[in-house]
Amino acid sequence: MKTSARLVSVVLGAASAAAMLVAGQGSANAAGFNITFKADTVTTIAKTGQDVVFPTTSLPSVLDPIARTIGGTLQLPQANANLALGPLTLASFKISIVDPSAVTGTVTPDAIPPVNLGLAATQKFKIRIDSVVPLGLDFGSSALNLIPAGGKCVSGEVTANLTGAFKAADIFGATFNPNGTLTGTYTIPSFPSGCGIATGILNAIVAGPNNKLSVKLGSAVLTP
């Protein structure tokens, strides 16, 4: 009980100090601090070792140092990548993340007072393949897309569990500059028949476990 009370006291003090430090720069409310991060997201397909780099986007989030939680919404833009098998590049493809859940997570101090704040975050989503275009093959005046129209080439639901850390001084110190990288692995479920003739290829070299996911957070701005 003594340790718990001390932790609450430290966190309350840190939150109060942060509120004073950022006065006029952003907002803190009963639910925590509203922070918008720049997010750079990369996933690595385990079977091919290929990186899929998503365009930079923003992650509006709420950090609550009292409840020790963090949550937000990460909407990733469509990404382009190559589909390879060993040294052979077979096709180019476009991938979208659809039906994303809110990002939910916890913040865990490593000491009293904290030096680092450990982060553990979870997001659920589905993967939609928008096009698979074999390299060097044309159909009339346009490239041949192996994915049928209609947007039905969608995987089952993915659960990604990510971990990382912020430096406490970057949040509660004189300069507000929280940044860090969340990493983890996830399984891509099999793709359905809605992927047409590309179904077998996608299930053979894309679907499967141990795919890496990295979300680099930085350029944080406190928002109203």
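The structure this text deals with has already been given above.
About the criteria used
- Residues numbered from 1 in each chain as written.
- Predicted model: local features only at pLDDT ≥ 70, side-chain atom pairs only at ≥ 80, totals over all residues.
- Heavy atoms only, no water.
- Helix = DSSP H or I, 4+ residues; strand = E, 2+ residues; numbered from the N terminus.
- Buried < 20%, exposed > 50% of the residue type's maximum accessible area, 1.4 Å probe, protein only.
- Areas by Shrake-Rupley, 256 points an atom, 1.4 Å probe, with all protein chains shown as cover.
- Disulfide = S-S within 2.5 Å.
- Patch = residues over 30% accessible without salt bridge, like charges linked within 9 Å, V, L, I, M, F, W, Y side chains within 5 Å.
- Salt bridge = Lys/Arg side-chain N within 4 Å of Asp/Glu carboxyl O.
- Pairing = 2+ DSSP bridges.
- 1 Å grid on protein atoms, 1.4 Å probe; cavity = no way out; pocket = protein on both sides within 12 Å on 5 of 7 lines; lining within 4 Å.
- Points joined across faces, edges and corners; volume = space filled by probe spheres on them.
- Nonpolar A, V, L, I, M, F, W, Y, C, P; charged D, E, K, R; others polar.
- Phe/Tyr/Trp six-rings, centres within 6.5 Å; stacked < 30°, edge-to-face > 60°.
- Polar contact = N/O pair within 3.5 Å; in protein donor to acceptor, adjacent residues only side chain to side chain.
- Contact = heavy atoms within 4.5 Å.

Regarding its fold elements, the protein presents three helices and 14 strands. The 224 residues of the protein split such that 41% are buried. Accessible area for the protein stands at about 11,300 Å²; split by element, carbon and sulfur atoms hold 59% of it.

What follows concerns the state of the cysteines. Applying the stated criterion across every chain yields a total of one disulfide. In this model, Cys153 is linked to Cys195 through a disulfide, with the two sulfur atoms separated by 2.0 Å. Every disulfide takes its handedness from the sign of the S-S torsion; for Cys153 and Cys195 that torsion is 90°, giving right-handed. Taken together, the residues Cys153 in the loop between β11 (142–143) and β12 (158–167) and Cys195 in the loop between β13 (180–188) and α3 (199–205) connect sequence positions 42 residues apart. Classification of Cys195 as buried rests on a relative accessible area of 0%.

Taken together, the side chains of Leu85, Leu88 and Leu90 make up a nonpolar region of the molecular surface, amounting to roughly 280 Å² of accessible area. Inspection of the secondary structure puts Leu85 in strand β6 (residues 79–85).

Summed over the entire model, instances satisfying the criterion amount to two salt bridges. Lys126 is the partner of Asp99 in a salt bridge, and the nearest nitrogen-oxygen pair spans 4.0 Å. Placement of Asp99 in the loop between β7 (88–98) and β8 (103–109) and of Lys126 in strand β9 (residues 116–134) is noted, with a sequence separation of 27 residues between them. For Asp99, a relative accessible area of 52% puts it in the exposed group. Close ionic contact of Arg128 with Asp130 constitutes a salt bridge, the shortest N to O distance being 2.5 Å.

The subject of this paragraph is the pairing of strand β4 (residues 57–64). Of the strand pairs in this sheet, strand β2 (residues 32–45) and β4 are connected by seven bridges, and their pairing is antiparallel. For Ala39, the partnering residue across the bridge sits in β4 and is Thr57. Where β4 folds back onto strand β5 (residues 69–72) in an antiparallel hairpin, the turn is made up of four residues, including Arg68, whose phi is positive at roughly 60°.

Evaluated as defined, the whole model comprises five cavities of 30 Å³ or more. Considered as a void within the structure, the largest cavity measures approximately 220 Å³ in volume. Taken together, 20 residues make up the lining of the largest cavity; nearest its centre are Leu74, Gln123, Phe125, Leu213 and Val215. Among the secondary structure elements, those contributing two or more residues to the lining of the largest cavity are β2, β7, β9, β12, β13 and β14 (208–222). Counting residues per element, the lining of the largest cavity draws most heavily on β9, which supplies five residues. Split into classes, the residues belonging to the lining of the largest cavity amount to 16 nonpolar, four polar and no charged.

Under the definition given, this model contains two aromatic pairs. For the pair Phe37 and Phe166, a centre-to-centre distance of 5.6 Å together with 20° between the ring planes defines the contact as stacked. With Phe37 in strand β2 and Phe166 in strand β12, the pair connects residues that are 129 residues apart, well separated along the chain. On the accessibility criterion, Phe37 (2% relative accessible area) is buried.

Attention now goes to unusual backbone geometry. The bulk of non-glycine residues show a negative phi, and the bulk of peptide bonds are trans. Going from Ile112 to Pro113, the amide bond is cis rather than trans, its omega being -5°. Despite not being glycine, Asp99 shows a phi value in the positive range, around 50°. The phi torsion at Asn210 lies on the positive side, around 65°, for a residue other than glycine. Following the sequence through the fold, Asn210 ends up in strand β14.

Topologically, Gln123 is positioned in strand β9. In this structure the side chain of Gln123 is engaged in a polar contact, spanning 3.4 Å, whose partner is the backbone oxygen of Leu74. Aside from chain neighbours lying at most four places away, what touches Gln123 is Leu74, Pro100, Ser101, Ala102, Val103, Val158, Thr159 and Ala160.

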